[in-house]
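# Residue-level structural notes
Residue-level listing of the chains:
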Amino acid sequence: MCRFEFEKYNGPNSRYTCPKCGRPRCFTRYIDTETNQYLSDDVGICDHKNNCGYHKPPKEYFKERGSGYYSEYRQSNPLNRSTESPKEKETDFIPMRIIEDLEKLDKKKNTLKEFLSTLVSPSDLQQVFSAYHVGTTKNGETVFPQIDMQGRCRTAKIMAYDENGHRIKDKMDRIDWLHARIMKKKRLKPSDWNLKQCLFGEHLLHSRPNDMVCLVESEKTAIICALRYPKYLWLACGGKQNLKLEMCQALEGRNVLLFPDADAVADWEERKKRLSFCRKIKMYSWYKHEAEGSKRDIADVILERLQKEAQDKVQETPQEKIKLTTIGDICQWMSEAGIEKDRVQINV
């Protein structure tokens, strides 16, 4: 069954509606690597592993159709016996000038930045946004670019947040990709763009070679952690399933601390074993006091502390004491104004 693999992500059009939970653009289908064709519409895996968990592999597909069906399939879809290895298509990149232009749009209302500005100093916030090249769309969405160690932009995740810093979720999940928008504008097909993602913040590894690397799932979490604990280098893999070799190769030889979401601890503990190329790698148990079934991450804990600190700093402005006007005050004003006392009648 090794001839069947998950279809590589190549924009939203390469993800489909899950046959179980019905969510759009979250279902990854299997393809026959010899024919580049799909199997059935229901053969694949849902990205929502915890909430849905649907996974139907090719083995199950052929088992449902009887013991002889796979043999028939192989006869009608023979292996490509060519001895020549297919040439891998070069990775596509987004010009950095586009990222720089999105950074300049910072004057537009970035709702995430507006929210964070109520909790941290504007100078610290701007410093972190600039270091990670976080940008803003004309609609106020936040742009998290994936820039590799060579300073090349692979893509950028685009997300919308409300005034409380929460991601806006609807039927489309409000997540978009910069390369997908470029493809749509240029009318490119999914096969015209070869996407290879990298870690958010990966470009900072060169400039901070001796710093401890802390890896989280969410890009927003990496930003919040970088504001709170700037002496560590915070990176994000962009999803629970992205803690994998091809995404984390840049961490070779580095000391790494993993900060999984509370509901991904067991999964990341297992995935950690595949990242043996790191100098040292271990889990940081920030989640040990979380309630059973919690889906929070380290940023939720930090935000709680920042909000409490902000509230503690707010002090009620003491009301000014009301000073009663006395006859002496009036006489003094009259004297300063050169008004004779017998010309004024005071009623008490």
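Residues numbered from 1 in each chain as written. Predicted model: local features only at pLDDT ≥ 70, side-chain atom pairs only at ≥ 80, totals over all residues. Heavy atoms only, no water.

## Comments concerning the pairing of strand S12 (residues 255-258)
Quick note on the threshold: Any two strands with at least two DSSP-identified bridges between them are counted as paired. By definition, any uninterrupted DSSP run of H or I lasting at least four residues is a helix, any uninterrupted run of E lasting at least two residues is a strand, and each is numbered from the N terminus. The handedness of a crossover follows from its direction of travel: if, with the strands pointing away from the viewer, the path from the first strand over the helix to the second runs clockwise, the crossover is right-handed.
As defined by bridge partners, strand S10 (residues 213-216) adjoins S12 across three bridges and the pair is classed as parallel. Note on S12: the bridge partner recorded for Val213 is Val256. Relative to strand S13 (residues 280-283), S12 runs parallel, the two sharing four bridges. From the neighbouring strand, Leu258 faces S13, where its bridge partner is Met283. As for the winding sense of the linkage, the β-α-β connection from S12 through helix H9 (residues 265-271) to S13 is right-handed.

## A closer look at the packing of helix H7 (residues 219-228) against helix H10 (residues 298-313)
Convention followed: With axes taken as lines fitted to C-alpha atoms, and helix axes fitted only over the stretch in contact, angles between N-to-C directions fall between 0 and 180 degrees. Each angle is binned into one of four classes, with values under 35 degrees roughly parallel, values over 145 roughly antiparallel, values of 65 to 115 roughly perpendicular, and all other values oblique. Handedness of each helix crossing follows the sense of rotation of the near helix against the far helix: counterclockwise by less than a right angle gives left-handed, clockwise gives right-handed. Contacts are assigned to residue pairs with any non-hydrogen atoms lying within 4.5 Å of each other. Residues are grouped as follows: Ala, Val, Leu, Ile, Met, Phe, Trp, Tyr, Cys and Pro are nonpolar; Asp, Glu, Lys and Arg are charged; every other residue, Gly included, is polar.
Packing of H7 against H10 leaves a shortest axis separation of 9 Å and a crossing angle of 50°. Considered as vectors, H7 and H10 are oriented oblique to each other. Along this stretch, H7 crosses H10, giving a crossing that reads as left-handed. Residues Thr221, Ile224, Cys225 and Arg228 of H7 form the contact with H10, whose participating residues are Ile298, Ala299, Ile302, Leu303, Arg305, Leu306 and Glu309. Split by residue class, the contact of H7 with H10 holds seven nonpolar, one polar and three charged.

## Overview of the sheet that holds strand S6 (residues 135-136)
Pairing is antiparallel across the open sheet formed by four strands, whose spatial order is S6-S7-S8-S9. Pairing within the sheet leaves two strands with one partner each, and these edge strands are S6 and strand S9 (175-177). Where S6 lies against strand S7 (residues 142-147), two bridges are found, and the strand directions are antiparallel. Each bridged residue has a counterpart across the sheet, and for Gly135 the counterpart in S7 is Val143.

## Remarks on the sheet that holds S12
Sheet architecture is open: four strands sit in the order S11-S10-S12-S13, paired in parallel fashion. Each edge of the open sheet is held by one strand with a lone partner, namely strand S11 (233-236) and S13. Taking each pair of neighbouring strands and ignoring which way they run, the sheet shows an average axis angle of 25°. Lying on the sheet, H7 is in contact with S10 and S11; it crosses S11 at an angle near 170°.

## Here we look at the pairing of S10
To be explicit about the condition: Each residue gets one of three labels from its accessible area relative to the maximum for its type: buried under 20%, exposed over 50%, partly exposed in between, using a 1.4 Å probe on protein chains only.
Here S10 shows no split at all, with Val213 and Leu215 on one side and Cys214 and Val216 on the other all buried. Strand direction decides the pairing type here: S10 and S11, joined by four bridges, are parallel. The partner of Val216 across the bridge, within S11, is Ala236. Once the chain exits S10 it traverses H7 before rejoining the sheet at S11, and the crossover so formed is right-handed.

These results come straight from atomic positions and should not be treated as a statement about function.
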